[in-house]
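A closer look at the structure
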Amino acid sequence: FQQSYKNYEYIVIDGGSTDNSRQLLSNHAANLTCWISEPDDGVYHAMNKGIALARGTYLMFLNSGDYLINEAVLQDAAAAMRQAEADVYYGDIIIEKEAGTPVSKKHPQQISLQYILNQTINHQASFIRRQLFTELGNYNTGYRFAADHAFYVKAFLAGKTFMYLDMDMVHYELTGISSQNAHAYYAEMMDIREAMVPPYVKELQQQILSQQAVMQQRIVRSALGVNKWYQRCRKLLKKNKNSRTDK
């Protein structure tokens, strides 16, 4: 409610909570575009409901324990997004470890094939063009933990553009469904790669990895060669210096 940027919709989808969530939403209804409190079939089913209600150009998804780190996040993000157009904008997150120390998790400035197949963008710190859901389909509720990753992979393979916003955006709650089910999440990531990525793309990834390995070996050999040459030069200089001292 405290965001300095005001041109946005605030849609809340609650899964029929039996605590005081419904009353809380009712109390703040004037600040919300709309809200729903009813049973659903998981977090991605709830997000799909939100997508159907949204009318904005870009969509951002926050879970109940996540929040924007300050009141200027949307204002700063909107300014950065006006500089260049993309289908998906993504930024960084703040994670509070068990010791209580906040840590910023940085994302790469460019999303590569290797990255998107083996890692993911933090869902809460991204703005996704709403039209993509019309083109590519909503979140696949068959994936309980990693449907957002499946969507990113689909968008990347469809040639959609990703742009990095160099800013911390969201305080990320480690008690979320994906964080609390890390093994299941990564198992779904592997299933997504097998189901969605064509064989030729997998072969291309292996070629890239092989080329990177060869390049790394060449760099190491070159570095060792330079170091060997450097040590020889040092010995020669030291020998010449000692010779002049003896004279």
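Relevant structure appears above.
Quick look at the structure, then. Since this is a predicted model, take the numbers as computed values, not measurements.

1. Details of the pattern of salt bridges
What the rule picks out here adds up to 7 salt bridges. Note that aspartate 92 is salt-bridged to lysine 106, the shortest N-O span being 3.4 Å. Residue aspartate 92 is located in strand S5 (residues 88-96), and its partner lysine 106 is located in the loop between strand S6 (102-105) and helix H4 (113-118); the two are separated by 14 residues in the primary sequence. Residue aspartate 92 is classed as buried on the basis of its relative accessible area, which comes to 0%. In this structure, lysine 160 and glutamate 135 form a salt bridge, with 2.7 Å as the shortest nitrogen-oxygen distance. Of this pair, lysine 160 sits in the loop between helix H6 (147-157) and strand S8 (162-172) while glutamate 135 sits in helix H5 (residues 130-136), and the two are 25 residues apart along the sequence. For glutamate 135, a relative accessible area of 45% puts it in the partly exposed group.

2. Considerations on helix H8 (residues 182-196)
Between its first and last C-alpha, H8 extends 21 Å over 15 residues, near the 21 Å set by a 1.5 Å rise per residue. Those residues of H8 that fall on the buried side of the exposure criterion are Tyr185, Glu188, Met189, Ile192 and Arg193. Buried residues of H8, seen end-on, are gathered within an arc of 145 degrees and therefore sit on one face of the element. In H8, those exposed residues whose orientation departs by more than 90 degrees from the buried face are His183, Glu194 and Ala195.

3. A closer look at the packing of aromatic side chains
Geometrically, a pair of aromatic rings is defined through the distance of the ring centres and the angle of the planes. Using the criterion set out here, one finds 11 aromatic pairs in the structure. Chaining the aromatic ring pairs together yields one cluster made of Tyr44, Phe61, Phe133, Tyr139 and Phe151.

4. Observations concerning the environment of glutamine 3
Assignment of secondary structure puts glutamine 3 in the segment before strand S1 (11-14). Using a relative accessible area of 8% as the deciding quantity, one classes glutamine 3 as buried. Residues glutamine 3 and alanine 72, 69 residues apart in the sequence, show an inter-C-alpha distance of 6.0 Å. Ignoring sequence-local partners within four residues, the contact set of glutamine 3 consists of Tyr8, Leu68, Asn70, Glu71, Ala72, Val73 and Leu74. Side-chain polar atoms of glutamine 3 contact the backbone oxygen of asparagine 70, separated by 2.7 Å. Here the side chain of glutamine 3 touches leucine 74 through a polar contact of 3.0 Å, landing on its backbone nitrogen.

5. Description of the packing of H6 against H8
Relative to each other, H6 and H8 sit at 30 degrees, their axes nearing to 9 Å. Regarding the angle of H6 to H8, the classification is roughly parallel. In this structure, the crossing between H6 and H8 has a hand that is right-handed. On H8, the residues touching Asp148, His149, Ala150, Val153, Lys154 and Leu157 of H6 are Tyr185, Met189, Ile192 and Met196. Residue composition of the contact of H6 with H8, by class: 7 nonpolar, 1 polar and 2 charged.

The rules behind the values
- Residues numbered from 1 in each chain as written.
- Predicted model: local features only at pLDDT ≥ 70, side-chain atom pairs only at ≥ 80, totals over all residues.
- Heavy atoms only, no water.
- Salt bridge = Lys/Arg side-chain N within 4 Å of Asp/Glu carboxyl O.
- Helix = DSSP H or I, 4+ residues; strand = E, 2+ residues; numbered from the N terminus.
- Buried < 20%, exposed > 50% of the residue type's maximum accessible area, 1.4 Å probe, protein only.
- Expected span 1.5 Å × (residues − 1).
- Arc of directions from axis to C-beta.
- Phe/Tyr/Trp six-rings, centres within 6.5 Å; stacked < 30°, edge-to-face > 60°.
- Contact = heavy atoms within 4.5 Å.
- Polar contact = N/O pair within 3.5 Å; in protein donor to acceptor, adjacent residues only side chain to side chain.
- Axes fitted to C-alpha atoms, helices over the stretch in contact; angles between N-to-C directions.
- Parallel < 35°, antiparallel > 145°, perpendicular 65-115°, else oblique.
- Left-handed = near helix turned anticlockwise from the far one by under 90°.
- Nonpolar A, V, L, I, M, F, W, Y, C, P; charged D, E, K, R; others polar.

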